[in-house]
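# What the coordinates show
Read off the chains here:
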Amino acid sequence: EMPVIVFIHGGGFRGGSHKKPEFQEMARSFASRGWVAFSIDYRVLSHHGTLPPNYPEPPVEVPDMERLDQWYAFYPACRDAKAAIRWIRSRADEYSINTDYITALGGSAGSFIAVALGVTNEDDCVNDVSEDDDATLAGTHLDQSSSIRTIIDHWGGTGIVRALELMTPGARFDATDAPISIIHGRRDRTVPFSQAEEIKAEYDRTGVPYA
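Residues numbered from 1 in each chain as written. Predicted model: local features only at pLDDT ≥ 70, side-chain atom pairs only at ≥ 80, totals over all residues. Heavy atoms only, no water.

All right, on to the pairing of strand 4 (residues 150–154) then. Working note: regular strand, side chains alternate between the two faces of the sheet. Sheet topology note: the strand 3 (residues 97–107)/strand 4 ladder contains 5 bridges and is parallel. What sits directly across from Ala-104, in strand 4, is Ile-151. Handedness of the crossover is the feature at issue here: the chain leaves strand 3, passes through helix 4 (residues 109–119), returns alongside strand 4, and the resulting connection is right-handed. Sheet analysis places strand 4 next to strand 5 (residues 180–183), joined by 4 bridges and oriented parallel. The partner of Ile-151 across the bridge, within strand 5, is Ile-180. Between the parallel pair strand 4 and strand 5, the chain is carried across by helix 5 (residues 159–167), and the sense of this crossover is right-handed. (Pairing = 2+ DSSP bridges. Helix = DSSP H or I, 4+ residues; strand = E, 2+ residues; numbered from the N terminus. Right-handed = clockwise from strand over helix to strand, strands pointing away.)

As C-alpha cells, then:
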C-alpha cells in the first residue's frame, strides 16, 4: 500500500484547474517515489452553488464584490475537497492506497482548502445543505472519512476555518489537527504573511507539530 499526495490548485477561488502542468510534473515525481498522486477540482465563485442558511457574512468589511464572492466560495470549495478525499478513500483497494497517509498540498486558495482539510471537523461542509435545496451538493461516499494525515501549505490561510467557526461556533484548531509545513513569502501581496503567522500561532497553542 502506498501513501497519497493530493494537489489542490490555486486561483483565488475565481478559477484554476487540476490540469496544471506543474502538478502533472510533480505527480510524476511523487509517483516515481512510490506515492499515489491525485489532482482535484472544486467549485469556484462563478458557480459555487447553494450556501447553508446559517453561512455567515464576513467578519470585517470587504473592499469589493469579488472579495465577498470569494468568502461565499469558501464553503462549497471545502465541501468539494472533502468529497474528493472520501472518494479517494473509497478507491483504496483499486489504487493500493494506505489511507493512513494522505497529504494535501495546495497553493494559495488551494492551501486555504488544504488547511481546512487538516483542521476542520469531520462533519463540517457535509450535510449543511439538503439535496432538496441543491441536488448538486448531494453528499457522496459518506461512509468514508475526509481526514488527512499532513498538510503542505504554500502561502495559504485560515479563511475557510474562520468562516466555519462563525457558522458553527467552536474552535477548529485543536490537538487532533494534521501536522503542517508552512511556506510563505514575507512580501506576498495576495495572501498576507500574517496568515502564516496566524497558523503558526494556532499550532503553537495546540502543540501539533509544524515546520
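Our focus in this paragraph is the nonpolar core. Core analysis: the largest hydrophobic core is formed by 54 residues, its most contacted members being Ile-8, Phe-13, Ile-113, Ile-151 and Ile-160. Of all the secondary-structure elements, those providing two or more residues to this core are strand 1 (2–8), strand 2 (36–40), helix 2 (65–90), strand 3, helix 4, helix 5, strand 5 and helix 6 (194–206). Apart from residues lying up to four places away in sequence, Ile-113 is in contact with Ile-8, Phe-13, Tyr-42, Ala-77, Ala-81 and Ile-160. In this structure, Ile-5, Phe-7, Ala-27 and Leu-105 belong to the second largest nonpolar core, which totals 5 residues. (Core = buried A, V, L, I, M, F, W, Y, C linked by side-chain atoms within 4.5 Å. Buried < 20%, exposed > 50% of the residue type's maximum accessible area, 1.4 Å probe, protein only. Contact = heavy atoms within 4.5 Å.)

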